[in-house]
Amino acid sequence: MYQAAKKRGRSDRVRKGLAPKPNGRSADFIMAGFATGCQLACGYCYVARHRAFGNPLETYSNLDAILAATKRHWQRLPTKEPNQVDPKYWVYDIGENTDCLTPAVRPLTLRTLDYFFAETQAKPTFATKVAGGALLPELTGPERGMARVRASLMPAALARVVEAGTSPVPARIAAVNEWVARGYEVHLNFSPVVATPTWEADYAALFGQIDRTLTAEAKAQVKAEVIFLTHHPRAHELNLSWNPEAEAVLWDPARQEGKTTHRGDGDVVRYRAFGVKNRLVETFRRLLADHLRYCPIRYIF
Ligand code: SF4
């Protein structure tokens, strides 16, 4: 019965662990998720690695309790000291294990944003690969600037291969302007960066496209977060059966090495720390500085 519910994309499960987790990169803390799994199907998805039968969407039925636990957590925090996450506010990621703007999840996202605006001065954030300015309501009061969307971007041709279910990249870039105009802070999430043979030219082209599209208002507030690809042997094996074209670029054993992560992913593979990754990071920094000099990097690894 449980598996049947998962296949329908819903479940009536009550989420048990409600306490936010520390983060320190995209956010200060990660709120207990109101959903796990995703209607998209990215070949590199870290959520899918933990799930034996794909990555179906489950939503939890106790969002009110999750939000109340988040508020209690925020109320116990000291005054925020500036850090790379945010200079002024404690920031909570509300969508770690799903895409908050996919159709089945969006109503929960909007409820969560409303709760933050009414009940806390903490700032909610989420990354998305779904475009559409109208997916988020205009913020007209003191809540303007009090939510951060992280638009996830990669070169369009690569996106068509490794994240085919997502919105087209040009639409995602255009959505940055729309959300900024509606009162959201919008950062750019370059994740994952996949170092294909043409990646330098592809990212230079992407950055040029971003520069030509963003409004002055969007450029004035934009920052970047950058995460190079992490992959997983089990996901690789699974993906070979349905998307071998993606695995041809995601699986690169000559330049990747195994690593055990602190988040319990088991033995993932990443670009080799010495001789590969450090050069990739420096190249990315240079390309971004050349093309988007107004866009500081919040973190890169
Ligand atoms: S959007 Fe995120 S959660 Fe959804 S499939 Fe892609 S990587 Fe996974």
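Residues numbered from 1 in each chain as written. Predicted model: local features only at pLDDT ≥ 70, side-chain atom pairs only at ≥ 80, totals over all residues. Heavy atoms only, no water.

**Brief notes about the sheet that holds strand 10 (residues 230-231)**
Our working definition: When DSSP finds at least two bridges between two strands, those strands are taken to pair. Strands here mean DSSP runs of E at least two residues long; helices mean DSSP runs of H or I at least four residues long; both are numbered from the N terminus.
Taken in spatial order, the three strands line up as 10-12-11 in an open sheet, and their pairing is antiparallel. Of all strands in the sheet, those with a lone pairing partner are strand 10 and strand 11 (256-260), marking the two edges. Here strand 10 pairs with strand 12 (residues 267-271) via two bridges, running antiparallel. Considered in strand 12, the bridge of Thr230 is made with Arg270.

**With respect to the layout of surface pockets**
Counted only if it meets this: In this analysis a 1.4 Å probe is tested at points of a 1 Å grid over the protein atoms alone, and where it fits but cannot get out there is a cavity; an open set with protein on both sides within 12 Å along at least five of seven lines is a pocket; lining residues have an atom within 4 Å of a point. Grid points are joined across faces, edges and corners, and a volume is the space filled by probe spheres set on the points. Under the convention adopted here, Pro, Cys and the residues Ala, Val, Leu, Ile, Met, Phe, Trp and Tyr are nonpolar, Asp, Glu, Lys and Arg are charged, and Gly plus all remaining residues are polar.
As a volume, the second largest pocket reaches approximately 250 Å³. Counted by class, the lining of the second largest pocket contains six nonpolar, four polar and five charged residues.

**Things to note about the sheet that holds strand 2 (residues 29-30)**
Read across the open sheet, the eight strands follow the order 1-2-5-6-7-8-9-13; overall the sheet is mixed. Two strands lie at the open edges of the sheet, namely strand 1 (21-22) and strand 13 (297-300), each paired on one side alone. As paired strands, strand 9 (residues 224-228) and strand 13 are joined by three bridges and run parallel to one another. For Ala224, the partnering residue across the bridge sits in strand 13 and is Ile297.

**Describing helix 9 (residues 233-240)**
Applied cut-off: Three exposure classes are used, based on accessible area relative to the maximum for each residue type with a 1.4 Å probe and protein chains only: buried under 20%, partly exposed in between, and exposed over 50%. This arc is taken over the directions from the axis of the helix to the C-beta atoms.
Residues of helix 9 that are buried: Ala235, His236 and Asn239. Buried positions in helix 9, seen along its axis, are confined to an arc of 105° and lie on one side of it.

**Focus: the packing of aromatic side chains**
This is how it is decided: Only centres within 6.5 Å qualify two rings of Phe, Tyr or Trp (six-membered ring in Trp) as a pair; their planes then separate them into stacked at under 30 degrees, edge-to-face at over 60, and tilted for everything else. Placement of a positive charge over a ring is assigned whenever Lys NZ or Arg CZ falls within 6 Å of the ring centre and within 35 degrees of the normal to the ring plane.
Using the criterion set out here, one finds 13 aromatic pairs in the structure. Ring centres of Phe29 and Trp90 lie 5.7 Å apart, and the angle between their planes is 45°; on these two criteria the pair is classed as tilted. Residue Phe29 is found in strand 2, and its partner Trp90 is found in the loop between helix 3 (63-75) and strand 5 (91-93); the two are separated by 61 residues along the sequence. For the pair shown, Phe29 and Trp90 are each scored as buried. Following the ring pairs from residue to residue traces out a cluster consisting of Phe190, Trp199, Tyr203, Phe207, Phe228, Tyr271 and Phe284. Sitting over the ring of Tyr60, Arg15 keeps its end group 5.3 Å from the ring centre. If you follow Arg25 out to its NZ or CZ, it ends over the ring of Phe301, 3.9 Å from the centre.

**With respect to the packing of helix 3 against helix 4 (residues 106-119)**
Stated precisely, the cut-off is as follows: Under this scheme, a helix contributes an axis fitted over its contacting stretch, all axes are lines through C-alpha atoms, and angles between N-to-C directions fall in the 0 to 180 degree range. Left-handed describes a crossing whose near helix is turned anticlockwise from the far helix by less than a right angle; the clockwise case is right-handed. Any two residues having at least one pair of non-hydrogen atoms within 4.5 Å are treated as being in contact.
Helix 4 packs onto helix 3 with a crossing angle of 35° between their chain directions and a minimal axis gap of 11 Å. Where helix 3 crosses over helix 4, the handedness of that crossing is right-handed. Of helix 4, the residues touching helix 3 (which contributes Leu63, Asp64, Leu67, Ala68, Thr70, Lys71 and Trp74) are Leu108, Arg111, Thr112, Tyr115, Phe116 and Glu119. The class makeup of the residues in the contact of helix 3 with helix 4 is seven nonpolar, two polar and four charged.

**Some remarks on the site of the ligand**
The condition is simple: Working definition: residue near molecule or strand if any one of its non-hydrogen atoms lies within 4 Å of it.
Every residue close to the ligand is listed here: Cys38, Leu40, Ala41, Cys42, Tyr44, Cys45, Asp99 and Lys129. Here the residues of the shell around the ligand are counted per class, giving six nonpolar, no polar and two charged.

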